[in-house]
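Residues per chain are reported as follows:
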Amino acid sequence: MRLHRHAKLYRLQEIENEMPSLLKWSSLPVAGMVSELKFPVPWGHIAAKAWGSPQGRPVLCLHGWLDNANTFNRLIPLLPKDYYYMAMDFGGHGLSSHRPAGFPYHFLDYVSEIRRVTAALKWSRFTLMGHSLGGSVAGMFSCIFPEMVDKLILVESYGFFPAPQGQDKGPGLGRQRKLNSPLPSRDGLSKSEESDAWLNSKRKVIERLLSLEENKHQPPKIRSPQEALQRLLQANSHLTEESGRILLQRGATEVPGGLVYNRDMRALTHNHDSLTLEQCVSFLNKIQASVLMIIAQDGIFNPEAENMSQNFVKPLREAFQSNLKHFQFAEVTGNHFVHLNEPEVVAGLINIFLKRDQSSKARL
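What comes next concerns the included structure. This one's a predicted model, so the numbers in the text were calculated from it and none came from an experiment. (Residues numbered from 1 in each chain as written. Predicted model: local features only at pLDDT ≥ 70, side-chain atom pairs only at ≥ 80, totals over all residues. Heavy atoms only, no water.)

### A few points about the packing of helix 5 (residues 225–235) against helix 6 (residues 241–251)
Next, step 1: Their axes nearest at 10 Å, the elements helix 5 and helix 6 cross at an angle of 110°. Here helix 5 is positioned roughly perpendicular relative to helix 6, judged by the angle of their axes. The chirality of how helix 5 crosses helix 6 is right-handed. Contacts between helix 5 and helix 6 involve P225, Q226, A228, L229, L232 and L233 on the former and, on the latter, E241, G244, R245, L247 and L248.
Next, step 2: In terms of residue class, the contact of helix 5 with helix 6 is made up of seven nonpolar, two polar and two charged. (Axes fitted to C-alpha atoms, helices over the stretch in contact; angles between N-to-C directions. Helix = DSSP H or I, 4+ residues; strand = E, 2+ residues; numbered from the N terminus. Parallel < 35°, antiparallel > 145°, perpendicular 65-115°, else oblique. Left-handed = near helix turned anticlockwise from the far one by under 90°. Contact = heavy atoms within 4.5 Å. Nonpolar A, V, L, I, M, F, W, Y, C, P; charged D, E, K, R; others polar.)

Here is the structure:
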């Protein structure tokens with residue numbers, strides 16, 4: 001069993017030496033053979049973890065905004081064993097390197113990271129599975145490189161996130177606002193007001209970046225394990241305590257006195273060039289993959305968020321249904337982290353979807 005020379009592989013025995021020692025205080029089992037990998041990039045490395053044999057059919061898994069690869073820890077052991085599942089940490093998340101000083105995080109950076117990782121693995125065709133922001137990244141990749149994606153699995157994602165004017169928080173899950181609260185509608189805004197809102201949002205991105213750079217020399221805040229967990233749970237009301245611990249395993253590092261979060265604070269200010277709904281609908285016509293879309297009843301696309309539904313949820317779903325040959329929509333019980341909190345709720349749907357066609361092979 002070999003990997004491309006640019007991918008560094010660690011066996012299970014070596015993981016404890018390479019991963020943060022937080023694993024020692026929150027030891028949560030992960031079923032199956034698990035490997036840790038690092039892919040060199042110009043600014044450091046992209047970290048990833050993989051389940052199964054590299055000879056299996058390839059599935060690349062993409063986490064949500066400010067989360068990490070551990071978001072798939074409980075789901076992947078329930079999926080078909082003849083696949084090779086790799087979950088990567090986006091830059092500035094989990095165990096991946098932070099971007100160089102002076103550079104913000106752009107949405108297309110995450111898209112390009114998929115291409116870097118799959119180029120290192122020499123994958124020419126594979127399945128993409130994305131949760132929340134990861135689903136938006138997967139959707140865009142499937143439009144830019146349609147010939148490379150055979151299947152696209154979107155969990156709590158519509159594949160795109162046309163953000164309202166003035167919104168430059170991370171797409172998929174706005175931790176700076178109350179979950180399930182309606183997003184502001186564009187209706188009623190004049191052209192001048194829309195332009196002012198867009199310009200103001202970009203101003204805030206730049207000022208926030210400069211502010212973070214000024215505070216860069218301050219030591220990171222150290223929290224006790226329980227404090228770190230509680231802060232994570234407060235910011236993510238959809239997480240159970242067990243799910244929070246799983247994410248924190250990869251999202252924090254133990255230092256003298258407690259834990260520090262791994263994520264790059266610059267990722268909090270997400271520089272996302274918003275697409276219009278019309279652009280999203282036009283782009284999705286390029287998707288060649290079969291698509292499975294799983295939406296949770298109590299997730300961030302809750303029907304009670306009327307403005308959100310009116311803005312893009314219904315039009316995007318209808319566009320997928322009418323423009324793609326192979327599209328399946330499923331609504332399930334649970335919340336935004338249903339795949340982590342209650343993985344059995346979505347595992348059956350994903351199993352059936354994956355097994356429909358087994359022609360794709362990993363090429364390493």
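Okay, back to it.
### A closer look at the packing of helix 2 (residues 107–121) against helix 3 (residues 133–144)
Next, step 1: At a minimum axis distance of 9 Å, the contact between helix 2 and helix 3 shows a crossing angle of 65°. With respect to their mutual orientation, helix 2 and helix 3 come out roughly perpendicular. Helix 3 is crossed by helix 2, and the crossing has right-handed handedness. Listed contacts from helix 3 to F107, L108, Y110, V111, I114 and R115 of helix 2 are L133, S136, V137, M140, F141 and I144.
Next, step 2: Per-class residue counts for the contact of helix 2 with helix 3 are ten nonpolar, one polar and one charged.

### Observations regarding the pairing of strand 4 (residues 57–62)
Next, step 1: Within strand 4, six of the six residues are buried, leaving the element largely enclosed by the surrounding structure.
Next, step 2: Burial along strand 4 is two-sided: R57, V59 and C61 and P58, L60 and L62, pointing in opposite directions, are all buried.
Next, step 3: Judged from the six bridges that link them, strand 4 and strand 5 (residues 83–88) form a sheet pairing that is parallel. Bridge pairing in strand 5 links R57 to Y83.
Next, step 4: In this sheet, strand 7 (residues 126–131) lies alongside strand 4 in parallel orientation, the contact comprising four bridges. What sits directly across from L60, in strand 7, is L128. (Buried < 20%, exposed > 50% of the residue type's maximum accessible area, 1.4 Å probe, protein only. Pairing = 2+ DSSP bridges.)

### As for the layout of surface pockets
Next, step 1: Taken as a whole, the largest pocket spans an internal volume of roughly 970 Å³.
Next, step 2: Surrounding the largest pocket, 32 residues form its lining, L212, R263, D264, M265 and L268 being those nearest its centre.
Next, step 3: Where the lining of the largest pocket is concerned, the elements lending two or more residues are helix 4 (191–214), helix 5 and strand 10 (258–261). (1 Å grid on protein atoms, 1.4 Å probe; cavity = no way out; pocket = protein on both sides within 12 Å on 5 of 7 lines; lining within 4 Å. Points joined across faces, edges and corners; volume = space filled by probe spheres on them.)

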